[in-house]
Amino acid sequence: MSRPAHESAWHESTAASRIVPLCVAALLLAAVSVVIGFRAAGADGPTPVPQALAFLPWLLVPGAAGLGLGALARWRGGMVWAAVALALTVWFVRPYGPGTTGAHGPVVARLDVLTSNVEFGNATDALIRAVRSEGPDVVFVQECDLACADAFAARVPAASYPYRDVVRLDGSHGSAILSRFPLRPAGRIDGTMAMPGAVAVVAGRDVRLQLAHPMPPVPGGVPLWRRELGRIRDLAAAVRDRPAVVAGDFNASQDHAAFRAVLDAGGLHDSARLAGSSRTYSWPADRATPLRAQIDHVLVSEEFSVHSARFLRLAATDHRALLVGLELHDGP
């Protein structure tokens, strides 16, 4: 017995109304699943996966949309898919790494470390003001162009920072380390942008300082980004058994496998994570957008404990500076 014409038309209309939300849900969940799949596999993948991983918490939005559209389409399989994707995203949003360095023994020195990307030298004035007001003991500066280097030489007294390792290059290629502690050269990491290193003498102990500034994972540049982060990882592994501070613009977040490899290889800890700010953004800071990430880091070895971490807004740069308070102990 055939259905009445009006009933058949209603069923066809209902089926058609479910197709669009079902298809959109499937596309959203497929995109989320690809990114989460690489995160679960401990790999950064090809473009656009590394770029999406930088904003991993925001995968909750398309995941939730996929769940809602799946419900609208009465697609039970899609709803289960969305629930799994959301659960995995929430799992990976957790801070990476232990919540303490395990440092013990008496504190032999307290030091404040500041890192800042001044964006082609544009924020040099703002950084100099911050250095004067905050008085950090060690300053790591990325994208310090020739004018930036000249400004530090002329306006930051040698009496305040008598020890410096400045790489004088123009544009984004220049970098600098300023220190109240005696420094001796320790070589540089090979990279497109300068990554100087030094050994500071802090309370009679040698502390390896390393500035990090690999190229960003822009489309077409992911292999170079991965190679330069790999060189930072190799340096971290080489100084694993020594007190070390590795700081700068890593162009990577905790959700990038290449960044986690740096932490694991060197037995390093992210200061912001230890201070309870693992998801506080550092970039971009010069425009209103919900898509932000923490890519500026101060990593420390087991000999340090962290008592504070603050992100500072500086004018004329798209990065927020990071100021951390550290304590150096006499044992790991």
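Above this text you will find the structure in question.
Residues numbered from 1 in each chain as written. Predicted model: local features only at pLDDT ≥ 70, side-chain atom pairs only at ≥ 80, totals over all residues. Heavy atoms only, no water.

A. Layout of the packing of aromatic side chains. By the definition in use, this model includes three aromatic pairs. Ring centres of W75 and W81 lie 6.1 Å apart, and the angle between their planes is 90°; on these two criteria the pair is classed as edge-to-face. The class for W81 is partly exposed, based on a relative accessible area of 31%. With centroids separated by 5.4 Å and ring planes inclined at 80°, the aromatic side chains of F250 and F259 adopt a geometry described as edge-to-face. The exposure class of F250 is buried, given its relative accessible area of 0%. Above the ring of W91, the side-chain terminus of R94 is found at 3.5 Å from the ring centroid. Over the face of the ring belonging to Y161 we find R180, whose NZ or CZ atom lies 4.6 Å from the ring centre. (Phe/Tyr/Trp six-rings, centres within 6.5 Å; stacked < 30°, edge-to-face > 60°. Buried < 20%, exposed > 50% of the residue type's maximum accessible area, 1.4 Å probe, protein only. Lys NZ or Arg CZ within 6 Å of the ring centre and 35° of its normal.)

B. Quick peek at the nonpolar core. Membership of the largest hydrophobic core comes to 46 residues, with the highest contact counts inside it found for V113, F140, I232, V245, F250 and L326. The biggest single contributor to this core is helix α7 (residues 222–238), with six residues. Beyond its immediate stretch of four places on either side in the chain, V245 contacts V113, F140, V207, R208, L209, Q210, V298, L299, V300, F304 and L326. Residues L114, V118, C148 and A176 belong to the second largest nonpolar core, which totals 23 residues. (Core = buried A, V, L, I, M, F, W, Y, C linked by side-chain atoms within 4.5 Å. Helix = DSSP H or I, 4+ residues; strand = E, 2+ residues; numbered from the N terminus. Contact = heavy atoms within 4.5 Å.)

C. Representation of the pairing of strand β4 (residues 175–179) within the structure. Burial analysis of β4 places five of its five residues in the buried class, which makes it a mostly covered element. With five bridges connecting them, strand β2 (residues 138–142) and β4 associate as antiparallel partners. Paired with F140 across the two strands is I177, which belongs to β4. In this structure, strand β3 (residues 163–167) lies alongside β4, joined through five bridges in antiparallel fashion. In the strand pairing of β4, D165 is matched with I177. (Pairing = 2+ DSSP bridges.)

D. Fine view of the state of the cysteines. Per the counting criterion, the structure on display carries one disulfide. Shown here is the disulfide that connects C144 with C148, its sulfur atoms set 2.1 Å apart. Linking C144 and C148, the disulfide has an S-S dihedral of approximately -95° and is accordingly described as left-handed. Assigned by exposure class, C144 and C148 land together as buried. (Disulfide = S-S within 2.5 Å.)

E. Quick look at a nonpolar patch on the surface. On the surface, W58, V61 and L291 cluster together into a nonpolar patch covering about 270 Å² of accessible area. Here W58 lies in the loop between α2 (49–53) and α3 (60–72). Taking the relative accessible area as the measure of exposure, W58 reaches 38% and is therefore partly exposed. (Patch = residues over 30% accessible without salt bridge, like charges linked within 9 Å, V, L, I, M, F, W, Y side chains within 5 Å. Areas by Shrake-Rupley, 256 points an atom, 1.4 Å probe, with all protein chains shown as cover. Salt bridge = Lys/Arg side-chain N within 4 Å of Asp/Glu carboxyl O.)

F. Looking closely at the pattern of salt bridges. Taken as a whole and assessed by the stated rule, the structure comprises 11 salt bridges. The residue R155 makes a salt bridge to D125 at a minimum N-O spacing of 2.7 Å. With R155 in helix α6 (residues 146–155) and D125 in helix α5 (residues 124–134), this pair connects stretches of sequence that are 30 residues apart. R180 is the partner of D137 in a salt bridge, and the nearest nitrogen-oxygen pair spans 3.7 Å. Remark: R180 occurs in the loop between β4 and β5 (183–189) and D137 occurs in the loop between α5 and β2; sequence separation between them is 43 residues. With relative accessibility at 33%, the residue R180 sits in the partly exposed group. One salt-bridge network, held together by shared partners, links R39, D255 and R279.

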